[in-house]
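# Remarks on the overall topology
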Amino acid sequence: MSSTTKTTTPIPLSSKRAGRFDPKAKTACIRTFGCQMNVHDSDRIRRMIQDAGYAEVQRYEDADLVILNTCYVRENAVDRVKGHLGELNRLRREGRVKRVALTGCIGAAEESAALRQTYEIDLVLGTHNTYELAEFVGLPTMQETYTPELPGTEGGHNAFVTIMTGCNYQCSYCIVPTVRGRMVCRPMESVIGEVENLVAGGTGYITLLGQTVDAWRHEGKRFCDLLEAVSESAPRVWFTTSHPSNMEDRTLNAIGERDTIVKRLHLPVQSGSDRMLKVMHRGYKAEKYRRKIEVFREAAPDGTLSTDIIVGHPGETEEDHEQTLRLVEDCAFDSAYIFKFSPRRGTEAASLPETVPDAVVQRRFLEVLRQVEQNAFTRNQRKVGGEEEIYIRHGSTEDGKAIGETWSGHAVHVNTDAAPGTYVKVRIESAGPHVLYADETGTRA
Ligand code: SAM
Ligand code: SF4
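Note that this is a predicted model, so its numbers are computed, not measured.

### Notes on the site of ligand 2
- The environment of ligand 2 is formed by Cys-167, Tyr-169, Cys-171, Tyr-173, Cys-174, Val-176, Pro-177, Gln-211, Thr-212, His-243 and Arg-282.
- Residue composition of the shell around ligand 2, by class: seven nonpolar, three polar and one charged.

### Examining the packing of aromatic side chains
- This structure, assessed with the given rule, holds seven aromatic pairs.
- An angle of 70 degrees between the planes, with centres 5.1 Å apart, marks the rings of Phe-223 and Phe-239 as edge-to-face. A residue pair is termed long-range when its members are at least 10 positions apart, and Phe-223 in helix α8 (residues 223-233) and Phe-239 in strand β12 (residues 237-240) qualify at 16 residues. Neither Phe-223 nor Phe-239 differs from the other in exposure class; each is buried.
- Through successive ring pairs, a cluster of aromatic residues spans Tyr-205, Tyr-391, Trp-407 and Tyr-423.
- The residue whose ring lies beneath Arg-31 is Tyr-60, and the NZ or CZ to ring-centre distance is 4.6 Å.
- In this structure, Lys-340 packs its charged tip against the face of Phe-365, placed 5.1 Å from the ring centre.

### A short note on the site of ligand 1
- Every one of the 17 residues lining ligand 1 counts as a neighbour, but Gln-211, Gln-270, Arg-282, Asp-308 and Ser-342 are closest to it.
- In this structure, an oxygen atom belonging to ligand 1 sits 2.6 Å away from a side-chain N or O atom of Asp-308.
- Here ligand 1 has 570 Å² of accessible area as a free molecule, and 94% of this is covered by the chains.
- Looking at the shell around ligand 1 residue by residue, the classes come out as seven nonpolar, five polar and five charged.

Thresholds applied
Residues numbered from 1 in each chain as written. Chains lettered and ligands numbered in written order. Predicted model: local features only at pLDDT ≥ 70, side-chain atom pairs only at ≥ 80, totals over all residues. Heavy atoms only, no water. Near = heavy atom within 4 Å. Nonpolar A, V, L, I, M, F, W, Y, C, P; charged D, E, K, R; others polar. Phe/Tyr/Trp six-rings, centres within 6.5 Å; stacked < 30°, edge-to-face > 60°. Helix = DSSP H or I, 4+ residues; strand = E, 2+ residues; numbered from the N terminus. Buried < 20%, exposed > 50% of the residue type's maximum accessible area, 1.4 Å probe, protein only. Lys NZ or Arg CZ within 6 Å of the ring centre and 35° of its normal. Polar contact = N/O pair within 3.5 Å; in protein donor to acceptor, adjacent residues only side chain to side chain. Areas by Shrake-Rupley, 256 points an atom, 1.4 Å probe, with all protein chains shown as cover.

See below:
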């Protein structure tokens, strides 16, 4: 992860390549925007179109059906989707694309009605009725079959497993509760069953997913119980995203103690100012967040810590901003997603007075970014010269570099032709603020 704004560039959907393009087959192209939840939802959508006999293609112009699975968290995500819809209208007029479906968080928002009309979209679905796509592609509608419990594409080296959907918080700025609804937790047996199937199919890395995974609870069990159980079944485990109010010391200690859990914590703080945390309805104070970080650093001294920060929320003063800078320095994050506040219609913050001027937001953004990068660079330098075992997440590209991850959660660029899903021993040769650079030492696990 990098200490920069989160990208809304379409994410490659899975490590699996689409099948060979057969010009006679029905074809579909899926584009994913936004977070890992959406990547996972796209995996389920992929399942449906495959069941319906579509071949997946990568280019719009090769597709009978295009499905845009979208994000609504910030306005620039919507602008990007509008750009794609404009392009698709042109291709449809030329007869190169037949039908367009819009799914995901934009589909669940009020704005989707206007988009549907402007761009003549054939099908608009929210996040709760994605299963209706089944009918659209010619399958019987099977709500119970295409629900969040349906696993994505199985057998990849890395797999996401959704443990909960929705969110019960009401953060002032956030559209997620509106478009994803209230929290629903999957039963423990269902999660463990899916993990066991994936591992039996060759998956080496499980990421537990949800908007506030640490809020998971079911029949008296809490998130740490689930994490521990998954860590018994899976060879490598990570989870995201967590909420500071739900994060238990027990979970932080389990990260340090359990060999199969990657020692990487993503704990969004949003602001270092208690005043702003209150305005945002985050439900904790900066001091509580600092204490959590102390527990994590003690449990996993070599582990990596990342966060989300919003700059320029309405009402944010210079003093609030200074407090965020102080917290960033104290916590010494290894990386951070820093967001400029984006007003979302229907959220409380969108109608608050005291908006922060763009130039001030930009300056604060750069100040936080600089602070995060300085700390990250210093921490990464300590790794240089060390020997590490890394897990290869993405195989080598044309420049011969593969991307791996240490057990401490550091991203590593390494010269190796090792396949994704394998472990490689490396020596860290150098480090930047975002990534470590390494050479393979020749021993493969
Ligand atoms: N559930 C997680 C939590 O509580 O921290 C975050 C999920 S949210 C989809 C991902 C991040 O987007 C948030 O942590 C926040 O920093 C950012 N975000 C959400 N709404 C935003 C907005 N209106 N403007 C800017 N950033 C926003
Ligand atoms: Fe949004 Fe996260 Fe707050 Fe839920 S907890 S409202 S997902 S920022």
